[in-house]
Structure formats: structure tokens, C-alpha cells
Amino acid sequence: MLPERLLQDCKAKEDQSVREHTELVKEAARCLIALGCVPSDRIGELLLIACEYHDYGKVNEEFQKRIRKKYRFQESKEIAHNILSYFFLSRKEFACAEDYRIVVAAVLYHHSYSDVGTVLRNQGALIDKLLAPFQEYVKTKKKVTTCYKVLKERNPDAILVKGLLHRCDYSASAGIPCEFPHDFLEEDMEHLLQRWREKNPHAEWNDLQVFCRQHRDENILIVAPTGMGKTEAALLWLGNYKGFFVLPLRTAINAMYKRIETEIIRGKKEESLALLHSDTMSIYIKDGTGKSQNDPGEEGKLLDYYTRSRQMALPLTICTLDQLFNFVYKYPGYEYKLATLSYSKIIIDEIQMYDPELLAYLIYGIAWIHEMGGKVAVLTATMPPFARQKLQEALGGDFVEADFSEQGADRHHVKVFERCLNAEEVREFAGRIIDGEFPGNRILVVCNSIEIAQRIYEELGDIPFDFPGAEVSLLHSGFTRMDRAEKEGKILSDGKAAQADGPLKIWVATSVVEASLDIDFDYLFTELNDLFSLFQRFGRCNRKGQKPIDNYNCFVYLEKQGKAMKYVDETIYRCSRDAILHVDGILTEQAKNAMIEEALSAEKLENSKYRDKYVAIYEYIEDLYVNEKTEKESKLRNIPSVTVIPESVYEENREQIENLERILDDGAASLAERIKAREGIYQYTVSMPKYRYEDCEKAEKSLKLGKREEIPIIRCSYNSEKGLMTEPVKGKEEPVNSVFI
């Protein structure tokens, strides 16, 4: 150990000595140990040693000069402090060689992987010069180390110690607790049940919820129909553990965050509940966190909450797959997330929504989390057989499985047509509703692409003239955020379960309605994509199972139309078509799952593009090694997209947009004001597939929101009624799996 006087005198940061910072890091480590986040006394001891030594290298003269004079790192004069810290570690302090290698790897690589080996091999003279004043404390003379092997070989203990060191170091630097206690959820769930009993004295947890609570110490794979309370079941399984709730769509994540905040969590959300996706800060501001953002104290609270969320310090986090599972890329510092997940529970909702690429990331990540000690619960209305097989392999038999489909009410009376979905038949059925032939007044039409949705919407557009009070609306991903938010609010209102009275409402939409919106229509007209998507769409009709099903309420059209369907997996489409073709009548929840098990079994997908894509991606990420470029060159996204502003939208709102730009450029504006201005500009944007963006003509001007953030303005047709309208360049092929929804 270096002498205390030296550690007290030397700076680790501008306002902290090496000893002060080291004690904060060790305090964070003790917090993790006390909360049960560290699996053994041995790992706890190794972590504390790594915390003690990780910044010893900062005592060198060049680092101290740089802190005092505030200039940049100079490679000709200085060696990274993490490399110098390695030389103060003694093999004699450790019970075995492996423990020594684990701590050396954590200390040596706690800032960077790149060039460490090169520096150790080639910069020996400079290392000796910088360490010369401390020779009596230097414990190793080795300029080459093989300790990186424990990380490259993915030694679980090495990953834990390094990852937890990252957590402690970041916590100390940010001045926030490393981990908040996760000891309240069981009590909050019981309080929820008591509130239910105030309305219904006989209220109890149902069979699904009881099962999840009983098996909270195990990995679980659950199939349960819509309306059975899967969210409550998942939270009962989570109990008083750290947890992550992973959902496929951002709108669903925001809704889940709000629901848990308002209905379940009784303590301060800033110490209990986090949101984690690319627009977290904007949601926090809208939500009223740090309400008086012009007050520096309130802005500080907002930033603290955001930092806690980003550093995964809070007990329960609602997040997207790409925010949590990108550790599979093994980017520098990935051990931070994996070590956190080693003592956490992860809830996966609606697994059928993931394409083969995202499923590969998910399954690989689950296998690694399981190996590290974390627990996983998959709760879904539809379990693809291929996904089930891969989940079972990832968990190695360490799971319990249950299917509650038989407890779901019959909700869907199905009619299948071997022709294209068309406006005329929707229009004719609407007339029969108006004439009183069928009950209800809400029709949902779901298309496989924006192209078809816009066309059917146009063809239905004159219905209000024939049927006074009737209304036709359109929803897809090609609207500005402002227009889409308005439309989502309206479809939520129109799609409420109890809408017995009032004029006819018809909504034409794409698959954006499949999982993100809690809507309940009386009738569904839909194209076939695959059975997973189809049954998800069924869930938007008679969602609660409280409406009569004497008559058909789901109409399925089998023929493909539009350019997008050229890129659907032919094997999955054909098997789905053959399975649904002869359905005519009430389709039970059990029958839906049996149909999927038979028609889309892992065996039937053996030669599909879906399986080939999954295998290719899984093998790709399995072969990745840690390097500086990995995360920069890879994105956990299945469809590259570009955020744009249509030129007509820009011109119509130029004054408001320019005012928001001025706030962003105003150095005196508070952080909250700048974030709100940025969010204000984004309200005028549309997200579009990259291949379509490349076909569009660009305006001369673009909006610069910062040094690295720019929003292009494109010349294309847009209106708030039909959204973005673009046509690809003639003769140019669109890429596979690029359905514009």
C-alpha cells in the first residue's frame, strides 16, 4: 500500500484526494455487499481490494500536474493511471493466483481495453520513470501481463469484480448511491390487493399471480391470455429484488412506468422506479419531476434522478431491449451491466414481438445472465415454439413453465377470406352496423404497411357523408411526434371497452397498434402477416372478453398486397396461412396456442429465413471479443431509421422552431430549458426507414441540436391527416425485413 500521507496529498479529481475518492468507492462497495448484491465473501474481498488500488496510479507527477494545470493527457509524457495502478498490486496479498489475476484485470482495464498490452510492452522506460519515486511500493516488475485472459475467457468472477468496480467508481464520481434498497415491493403489492378489496371484499390474487409468487426464486416461462393480470403477476414474482421490466415498444414502456408509479409504488419514485430509453429525460420533465426547473435546486433533483436511472441504481427499471441487452456486444465496460444483472431479476414481456435478430440478442443475453446468477421471467400472451426452444436451451433446464390459456375467456369469432383486404367490404359492414344489424360501433382495420393503410383510409374517407356522425381516422408510424401523440390519445379514447353509444368510429392502422396501445374495438378487419402478429391484433378486439361473440368480430384477409409483403418470411407466412385458412367460428385461447405450436413449430421453421437469420446473428455475437469499435459499429436495432422534419412542416412552424433553436444556443438557458426546447423541436419530426430517407430529396437547411446531433429537412409530401408520403426511386429494390409500418 502507498503511504496515507501521499494518498491524502495527491489529487484523484480536482476537488478530491486519491484517498477521499477511494473511500467513496469502497463505501459504495460496502453498500453493495450489505444489500446482498455480491454473491460471496470472496468476491466482496476481491472487490474491496480492487477499489483500494484502482486509482493508485494517479499519484504520478504527470497526472498531478495535469490536474493542477488542467491540460489534456499527453502520450509522450504520461501513462494511463489504470496501467500504473497495476504495479502496486502484490501477488502475496492473494490466496491464489486466480484471485490475483481477477483483481489485476479489474484494476488494469477499468478504463480502457485498447493499447494496454501495447503500452506494457513498448513503454517500459516511461513506466519506470513515472514509478521511480515510488520504487519501495512497487510490487511487480512485469511489463507484460496475461491477466486479460480472465476477461477474454469470460470468467464469471472476473466479470463480477470488474463490473462491480465500475459501478462503485461511477457512483462515487457522480455522488449518488450505488444501489437503493429493494425492500418495498412485496408490501406495496399487498397494499394493492387491499385496495382491490375495498371495491370487492372477495378479491384475491388469481391462479397466474399465485403461481408467479410461489415460484419467485425460479426462472419462469408463462403463457397467459390478455386480461389475466400479467403485470401484477410479474411484480409478485419480482418481490423484494432488483428488477428490470423489458418491453418491446417505447409507448408501452411509458405507459407501464406511469401505471406502476400511480397504482403500485407508494414511496418516492425517485428512489424506487426508473425509466430507461432514449427519451428518458424528456419524459421525466413532462412527468413533472423537478417541477420548478428554473430553480437550480429542482434542476439538481431532476439530474440526480436521471443519473440514478442511467446508472441503474434504482430498484425497478422499465426499459427497452437495446438499453439493457447491449452488453452482448462486449463493448469496453460491458461488465457494468452484466454484473448488475447477476443479482437482478429480468421480466420479458410479449416475446413474440421480437424479430429473429432481436431474439438472438435476447436469448444470448438471457443465457449469460443465467450463468452469472440472475433470474428471468418470460410472461407472454403468445409463446413462439422456436423462442420457447431457445429459452429452454439458454436456461439449461433451470426453469418452471406454465400455460394459463384455458383460463382465458372466448373473445374472437373469426371469418377468413382468400382475398385482399379492401375498403369496400369494410364500408359495407359499417353500413350494416349503422342499420342496426350488428351491435357495437367501433371498427379497427389493421394493414401490413403504411402504403396500404393510406390507400384504404382514402377509399373510406367519404363514409361520414353517407353516415352522419361516422368518422374515419388513420394511425401509423409516419406521423410527426406531435400528430402521432394526438392520434394515439384519440384512438385510446375511441377504443375504450365501454362505448355502447355514439357514432361509428373506424380506425385504419398498421402494426403500431399491436402491443403499444390498450384499445378494445368491437370489430377487426386485418391482413395476415403471421400468426403471432395476427393474434396480437386479435387482442385489440373484444380485449376484455366482455362483449357478445354470437356474430363474427374478426375478419382475416389472406392475400398479400403492397410492396412490403415481398419481404415477409415466406415459410412463416405460408404456414400461418395454411393454419388459419379453414378457421370459421369461435377461436379459443387454447386453440390459438395449439395452432401456433403445430403450424410454427421449431421443426417447421428449420429451413426458414427466420431461423437462418437467428443463427447468423447468434453466432456473430458469440464470436465477438471486447474492443473499442464493437459498440460503435453495431446497434441493437433491427431496422435503421432516420429522424427527419418534412419541409412543409418546417415552413408551417418556422417561427416556433427557430425560437426553440435560440434556446438551445443560449448559454444562459438552464439544462431543463434546453431539454424542453430539444423535445419541442422533436415534436415536429418523423422517424422513417433509412432506405426511404436515402431516396428523398434533402433541403439545403438542417437543424443542428448540438455538436453531434442534426435533423435533416426533407422534401416530401406530408399532412396531419395521412402522414408522410414518400415513393422509392423507380427500379430500386427495398431491403429485406424493411416493412415501413
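**Description of the packing of helix H2 (residues 18-34) against helix H3 (residues 41-53)**
- As a packed pair, H2 and H3 sit with axes 9 Å apart at the nearest point and diverge in direction by 165°. Here H3 runs roughly antiparallel to H2, going by the angle between their axes. The chirality of how H2 crosses H3 is right-handed. Packed against H2, whose contacting residues are Arg 19, Thr 22, Val 25, Lys 26, Ala 29, Arg 30 and Ile 33, the element H3 presents Gly 44, Leu 47, Leu 48, Cys 51 and Glu 52 at the interface.
- Here the residues of the contact of H2 with H3 are counted per class, giving six nonpolar, two polar and four charged.

**What about the sheet that holds strand E17 (residues 641-646)?**
- Overall, mixed pairing links the four strands, which are arranged E18-E17-E20-E19 in an open sheet. The two strands at the open ends of the sheet, each matched to only one other strand, are strand E18 (686-689) and strand E19 (697-704). Across the sheet, the mean angle separating the axes of adjacent strands is 45° when strand polarity is ignored.

**Digging into the side chain of His 476**
- Structurally, His 476 can be placed in the loop between strand E12 (471-475) and helix H24 (481-494).
- On the basis of relative accessible area, His 476 is assigned to the buried category, the value being 0%.
- A distance of 2.9 Å separates a polar side-chain atom of His 476 from the backbone nitrogen of Gly 478.
- Reaching out from His 476, the side chain makes a polar contact with the backbone oxygen of Lys 722 at a distance of 2.9 Å.

**As for the pattern of salt bridges**
- Considering all chains together, one arrives at 56 salt bridges under this definition.
- The shortest N-O distance in the salt bridge between Asp 612 and Arg 611 comes to 3.7 Å.
- Relative accessible area serves as the criterion here: at 24%, Arg 611 is assigned to the partly exposed category.
- Salt bridges linked by common partners bring Glu 4, Arg 19, Glu 23, Lys 26 and Glu 52 together as one network.

**Regarding the packing of helix H25 (residues 531-538) against helix H26 (residues 570-580)**
- At a minimum axis distance of 9 Å, the contact between H25 and H26 shows a crossing angle of 50°. Overall, the two elements H25 and H26 adopt an arrangement that is oblique. Each of Leu 531, Leu 534 and Phe 535 in H25 lies in contact with H26, whose residues at this interface are Ser 576, Ala 579 and Ile 580.
- By residue class, the composition of the contact of H25 with H26 is five nonpolar, one polar and no charged.

**Re helix H19 (residues 356-372)**
- Look at H19: 24 Å from first C-alpha to last across 17 residues, which is about the 24 Å you get at 1.5 Å a residue.
- Counting buried positions along H19 yields 14 of 17 residues, so the element is predominantly enclosed.
- The opening residue of H19 is Asp 355, an N-cap whose side-chain oxygen sits 3.2 Å from the backbone nitrogen of Glu 357.
- Just beyond H19, the residue with positive phi is Gly 373, at close to 115°.

**Re the side chain of His 166**
- Mapped onto the secondary structure, His 166 falls in helix H10 (residues 156-174).
- A residue is classified by how much of its surface remains accessible, and His 166, at 3% relative accessible area, is buried.
- Setting aside chain neighbours within four positions, we find His 166 in contact with His 110, Gly 333, Glu 335 and Tyr 336.

**Thoughts on the nonpolar core**
- One finds Phe 325, Ile 348, Val 513 and Ile 580 to be the most contacted residues of the largest nonpolar core, which totals 145 residues.
- In terms of residue count, the dominant contributor to this core is H19 (11 residues).
- Core analysis: the next-biggest nonpolar cluster, separate from the first, contains 53 residues, Ile 456, Phe 467, Met 688 and Leu 705 among them.

**Considering the sheet that holds strand E10 (residues 412-417)**
- Strand order in the open sheet formed by seven strands is E12-E13-E11-E14-E15-E10-E16, and the pairing between neighbours is mixed. Every other strand in the sheet has two partners, leaving E12 and strand E16 (584-587) as the edge strands with one partner each. Neighbouring strand axes in the sheet, compared pairwise and without regard to direction, differ in orientation by 20° on average.

**Focus: the environment of Glu 658**
- For Glu 658, the position within the fold is in helix H31 (residues 654-665).
- Take Glu 658: its relative accessible area is 27%, and that puts it in the partly exposed class.
- Sequence spacing of Glu 658 and Ile 681 is 23 residues, and the spatial spacing of their C-alpha atoms is 9.1 Å.

**What to know about helix H13 (residues 230-238)**
- Most of H13 is tucked away: nine of the nine residues are buried.
- Those residues of H13 that fall on the buried side of the exposure criterion are Lys 230, Thr 231, Glu 232, Ala 233, Ala 234, Leu 235, Leu 236, Trp 237 and Leu 238.
- Positive backbone phi, at 55°, marks Gly 239, one or two positions downstream of H13.

Cut-offs and rules
- Residues numbered from 1 in each chain as written.
- Predicted model: local features only at pLDDT ≥ 70, side-chain atom pairs only at ≥ 80, totals over all residues.
- Heavy atoms only, no water.
- Axes fitted to C-alpha atoms, helices over the stretch in contact; angles between N-to-C directions.
- Helix = DSSP H or I, 4+ residues; strand = E, 2+ residues; numbered from the N terminus.
- Parallel < 35°, antiparallel > 145°, perpendicular 65-115°, else oblique.
- Left-handed = near helix turned anticlockwise from the far one by under 90°.
- Contact = heavy atoms within 4.5 Å.
- Nonpolar A, V, L, I, M, F, W, Y, C, P; charged D, E, K, R; others polar.
- Pairing = 2+ DSSP bridges.
- Buried < 20%, exposed > 50% of the residue type's maximum accessible area, 1.4 Å probe, protein only.
- Polar contact = N/O pair within 3.5 Å; in protein donor to acceptor, adjacent residues only side chain to side chain.
- Salt bridge = Lys/Arg side-chain N within 4 Å of Asp/Glu carboxyl O.
- Expected span 1.5 Å × (residues − 1).
- Core = buried A, V, L, I, M, F, W, Y, C linked by side-chain atoms within 4.5 Å.

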